[in-house]
Amino acid sequence: MVDYHAANNQYSSGGAQTYMEQENDWDRDLLLDPAWEKQQRKTFTAWCNSHLRKAGTQIENIEEDFRDGLKLMLLLEVISGERLPKPERGKMRVHKINNVNKALDFIASKGVKLVSIGAEEIVDGNAKMTLGMIWTIILRFAIQDISVEETSAKEGLLLWCQRKTAPYKNVNVQNFHISWKDGLAFNALIHRHRPELIDYDKLRKDDPVTNLNNAFEVAEKYLDIPKMLDAEDIVGTLRPDEKAIMTYVSCFYHAFSGAQKAETAANRICKVLAVNQENEHLMQDYESLASALLEWIRRTIPWLENRNPEKTMSEMQQKLEDFRDYRRVHKPPKVQEKCQLEINFNTLQTKLRLGGRPAFMPSEGHMVADINRAWHTLEGAEKGYEEWLLNEIRRLERLDHLAEKFRQKASIHESWTDGKEAMLTQKDYETATLSEVKALLRKHQAFESDLAAHQDRMEQIAAIAQELNELDYYDSPSVNARCQKICDQWDCLGALTQSRRESLQKTEKVLESIDELYLEYAKRAAPFNNWMESAMEDLQDMFIVHNIEEIQSLIHAHEQFKSTLPDANREREAIQAFHSEVQKIAQHNGIKLSGINPYTTITPQSIDSKWEQAQQLVPQRDQALQEELRKQQSHDNLRRNFAEQANVVGPWIQNKMEEIGTISIEMIGTLEDQLTNLKEYERSIVDYKPNIEQLEGVHQHIQEALIFDNVYTAYSMEHIRVGWEQLLTTIARTINEIENQILTRDAKGISQEELYEYRASFNHFDKKRSGQMVSDDFRALLISTGNSLGDAEFARIMGIVDPNNTGTVTFQAFIDFMSRETTDTDTADQVIASFKILAADKNFITADELRRELPPDQAEYCIARMAPYTGPDAVPGALDYMSFSTALYGESDL
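Residues numbered from 1 in each chain as written. Predicted model: local features only at pLDDT ≥ 70, side-chain atom pairs only at ≥ 80, totals over all residues. Heavy atoms only, no water.

1. Some points on the overall build of the protein
Part 1: Across its full length, the protein carries 33 helices and 4 strands.
Part 2: Out of the 894 residues in the protein, the part that is buried amounts to 46%.
Part 3: Nonlocal contacts in the protein, meaning residues at least 24 apart in sequence, comprise 75% of its contacts between residues at least 6 apart.
Part 4: Split by element, the accessible area of the protein, about 44500 Å² in all, is 50% carbon and sulfur. (Helix = DSSP H or I, 4+ residues; strand = E, 2+ residues; numbered from the N terminus. Buried < 20%, exposed > 50% of the residue type's maximum accessible area, 1.4 Å probe, protein only. Contact = heavy atoms within 4.5 Å. Areas by Shrake-Rupley, 256 points an atom, 1.4 Å probe, with all protein chains shown as cover.)

Take a look at the structure:
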């Protein structure tokens, strides 16, 4: 329907009064013509009902239904949009007169001079006065606001009709009576504005009834203009009533003049809704990508925090290989997703700022800071997992070495103790001669010396077993059982040795001295034999080294051992000389020897055999040490190779980071030039990736070789990886900042010179050249641009440019603020005003009206999000467009 509210404030009371006086002179006496009176009754009744239906009521008899003044006051409230004094509800004549007077006083307050119209005539049902009053109301609220080229209302309405119908044949509008009898003028007005509703070429001038009925029915059905006259009333009259025709035509004027407003309002709403829909899509994409990335991090961290060790080296090597696959295959795509997520977030925030919308706040736990914290936790777990893997491999390597050493020493000891219990428990001294007993006693003393010499090996076996238990060796039960068996056997040997010594000492007094040479042989042969056994044990001992210095130290110790061999050989020859001397003495004195030294079990043959074995083990030890030396030299070459490349790649990444920082501060060329240069710069960085991959290959060889340190470089592969990822993220973020500046420039109409000026001003006050400035420097920057700032105003501005209270302001936030201060954007009030036009000035809107005025997808978008309207004038299906409009701009919850 028509908006009459605005018209109430456009004319001064003096001008309106002059106009109304002129109109009141229009053939007032002709109201007595029955045909005209009938036309006015129909027209004025339909006009009144078109407004009263907004209040849920209507009239049937125009002079009867306005007599109590209640519906008259309600009509004035509806068409004026103002509240009249409270009506009196009594049934008496005085109450009715008072109500009508309130209505007449309101009409007079709008600058209308009422001539010969009194409340008593209206209350009495005077048809002439009632129709005159309604005509006065129609003039004031429906026709008075019509003005074309500064003409009066009647002339303006006539001029509008002439212009709209000028192109149509058989139509010549010169007045508001005869010119409308054939109905073509009504059809021409409709066809001019809504050509799809009428086939004008099929109308015939000689069929006025059909023409009029067609126009009235189309207007009622499609234009919401009630049927105010019957075609027969117009055709059957020589001169149709001018007031009735003017009233009818004014409805066409208001219906068509509001169509363009509705279209403009619909276009504005479409634009706002399209931006809002696109932003919501971006928000949903961000949430989806953020959820997926956080879920991947959530699943990965427990895997990286798993510290369940494996029992064997091969199983731990498989864990290390799985970790390398994670680094090479699984993590890099997630690094790209994280970077893309930050870029999408920055782009969305820029679009929201440019559209005057509130900043996007992701759901709880999905902020960029939350993702960065989760990523930091992931990298911490990753670093800890790698350190644990390497330490666990070292531990298993140490355990394998200790276990093998335990088995070797245990085997030697068990071999040595084999038969010792039987020897110590025999009773051979009971039937032996004196010399035999003495020999047995000395033999036993030599055994005790041998037993004491093996005490060190026993302690070593126990210490190794203890260390295996402390390091949580997986086969500790079997080690402990074997160690316990050896210890128990050792205790038993000690007890048996003591018992045999005591038995021999009892018979020592009756035994003769044992041959000194045999005794001396035994004394010297035992430690020498023990020395040879220790030497062979050392020559066969396994070793683990991690660098050249350690293997060189072993080689040096082995060379020192070799230097003692000549002295040892002389000692061997001296011991063998004792045996030879015994043979000589026996041969010389004709003594038949048994061939066994009664004081020792160590024979010259065993000494020579062990000496020969030791001689063979020396070159084998030389070969093993030299092979390990070559291995460590190869490892050292790997270290040097990695260091040479890392010492190039590391400074290269650092220089590129510094260059990007310089580029982001300096403005050389247009933003498009900068963007092109940055993308070329990015491609040059990406082209450098083969160097990183080559370094990764060298690093993999180092890890496979179990090399854990490198004195030739300060760069580790982890440092290089982190630097490379930071470099890719920084260049991507810098490109995104330039793209957002282009977006801001294009959306806000900022010229390149203004951007240069903004950048120059920002750089001047960015003393650290970091691309960010603290609040004091930002205040100085604003003052330099001509802003006079108080504390409250500066706090307001900081709330805009630094919504997260970081204490710093970026260049992007600065140009967003400057562009916002100098450009205009849509506001919530403008959108509310647009909806109000579509709603025909109601405080609510219906789903049918939205579907009629808006495109289908955006109409359904509004219907799904608008809350039900609950105001006092609500009707079924009413929707609240005001709260919806303010919610679009963050002013209330949608």
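2. Things to note about the environment of isoleucine 738
Part 1: Within the fold, isoleucine 738 resides in helix H25 (residues 717-748).
Part 2: Look at isoleucine 738 and you get buried, because its relative accessible area is 7%.
Part 3: Note: C-alpha distance between isoleucine 738 and leucine 675 (63 residues apart in sequence) is 6.3 Å.
Part 4: Residues in contact with isoleucine 738, not counting those within four places in the same chain, are Leu671, Gln674, Leu675 and Leu678.

3. With respect to the nonpolar core
Part 1: Counting 77 residues, the largest nonpolar core has Trp47, Ile137, Trp180, Phe186, Ile190 and Phe252 as the members making the most contacts within it.
Part 2: Counting residues per element, this core draws most heavily on helix H7 (residues 127-143), which supplies 11 residues.
Part 3: Formed by 51 residues, the second largest nonpolar core is a distinct cluster that contains Leu348, Ala410, Leu424 and Phe447. (Core = buried A, V, L, I, M, F, W, Y, C linked by side-chain atoms within 4.5 Å.)

4. Brief notes about the side chain of threonine 43
Part 1: For threonine 43, the location among the structural elements is in helix H2 (residues 34-52).
Part 2: Within the local environment of threonine 43, its side chain forms a polar contact with the backbone oxygen of glutamine 39, the two atoms lying 2.8 Å apart.
Part 3: Dropping the residues within four chain positions of it, threonine 43 is found in contact with Met228, Leu229, Ala244, Thr247 and Tyr248. (Polar contact = N/O pair within 3.5 Å; in protein donor to acceptor, adjacent residues only side chain to side chain.)

5. Concerning the packing of helix H26 (residues 752-765) against helix H27 (residues 775-784)
Part 1: Interhelical geometry of H26 versus H27 gives an angle of 140° and a closest axis separation of 9 Å. If you check the angle between H26 and H27, you find them oblique. In the packing of H26 onto H27, the handedness of the crossing is right-handed. When H26 is examined against H27, the residues Ser761, Phe762 and Phe765 are found in contact with a partner set consisting of Asp777, Ala780, Leu781 and Ser784.
Part 2: Taken together, the residues of the contact of H26 with H27 break down into 4 nonpolar, 2 polar and 1 charged. (Axes fitted to C-alpha atoms, helices over the stretch in contact; angles between N-to-C directions. Parallel < 35°, antiparallel > 145°, perpendicular 65-115°, else oblique. Left-handed = near helix turned anticlockwise from the far one by under 90°. Nonpolar A, V, L, I, M, F, W, Y, C, P; charged D, E, K, R; others polar.)

6. Focus: the packing of H27 against helix H28 (residues 791-801)
Part 1: It is at 11 Å that the axes of H27 and H28 come closest, and there the two elements cross at 110°. Accordingly, the angle class assigned to the pair H27 and H28 is roughly perpendicular. Here Ser775, Phe778, Arg779 and Leu782 of H27 lie close against H28, whose contacting residues are Asp791, Phe794, Ile797, Met798 and Val801.
Part 2: Among the residues making up the contact of H27 with H28, the classes are represented as 6 nonpolar, 1 polar and 2 charged.

7. Quick notes on helix H17 (residues 455-470)
Part 1: Look at H17: 23 Å from first C-alpha to last across 16 residues, which is about the 22 Å you get at 1.5 Å a residue.
Part 2: Restricting attention to buried positions, one finds in H17 the residues Arg457, Met458, Ile461, Ile464, Ala465 and Leu468. Down the axis of H17, the smallest arc covering the buried residues is 125°, so these residues share one side. (Expected span 1.5 Å × (residues − 1). Arc of directions from axis to C-beta.)

8. Here we look at the packing of aromatic side chains
Part 1: Enumeration according to the criterion identifies 30 aromatic pairs in this entry.
Part 2: When the centroid spacing of 5.3 Å and the interplanar angle of 75° are considered together, the rings of phenylalanine 186 and phenylalanine 216 count as edge-to-face. Of this pair, phenylalanine 186 sits in helix H9 (residues 184-193) while phenylalanine 216 sits in helix H10 (residues 208-222), placing them 30 residues apart in sequence. Phenylalanine 216 matches phenylalanine 186 in its accessibility class, with the two residues each being buried.
Part 3: A connected cluster of aromatic rings, assembled from ring pairs, spans Phe176, Trp180, Phe186, Phe216, Tyr248, Phe252 and Phe256.
Part 4: Lysine 420 extends its terminal NZ or CZ atom over the ring of tryptophan 416, reaching a point 4.9 Å from the ring centre. (Phe/Tyr/Trp six-rings, centres within 6.5 Å; stacked < 30°, edge-to-face > 60°. Lys NZ or Arg CZ within 6 Å of the ring centre and 35° of its normal.)

9. Brief notes about the pattern of salt bridges
Part 1: This model, assessed by the stated rule, comprises 55 salt bridges.
Part 2: Between lysine 205 and aspartate 182 there is a salt bridge, with the nearest N and O atoms lying 2.6 Å from each other. Here aspartate 182 lies in the loop between helix H8 (153-165) and H9 and lysine 205 lies in the loop between H9 and H10, a separation of 23 residues in the sequence.
Part 3: Here lysine 205 falls in the partly exposed class, since its relative accessible area comes to 44%.
Part 4: A salt bridge links glutamate 404 to arginine 407; the nearest nitrogen and oxygen atoms lie 3.0 Å apart. You can see glutamate 404 and its partner arginine 407 sitting in helix H14 (residues 368-417), 3 residues apart, about one turn around the helix.
Part 5: Among the residues examined, glutamate 404 registers a relative accessible area of 33% and is labelled partly exposed.
Part 6: The exposure class of arginine 407 is partly exposed, given its relative accessible area of 36%.
Part 7: Salt bridges sharing common partners tie together Arg327, Lys331, Glu379, Glu382, Glu386, Glu696, Glu718, Arg721 and Glu725. (Salt bridge = Lys/Arg side-chain N within 4 Å of Asp/Glu carboxyl O.)

10. Some thoughts on the side chain of lysine 334
Part 1: Here lysine 334 is to be found in helix H13 (residues 313-354).
Part 2: Residue lysine 334 is classed as buried on the basis of its relative accessible area of 17%.
Part 3: Beyond its immediate chain neighbours, meaning those up to four positions away, lysine 334 contacts Leu293, Trp296 and Trp375.

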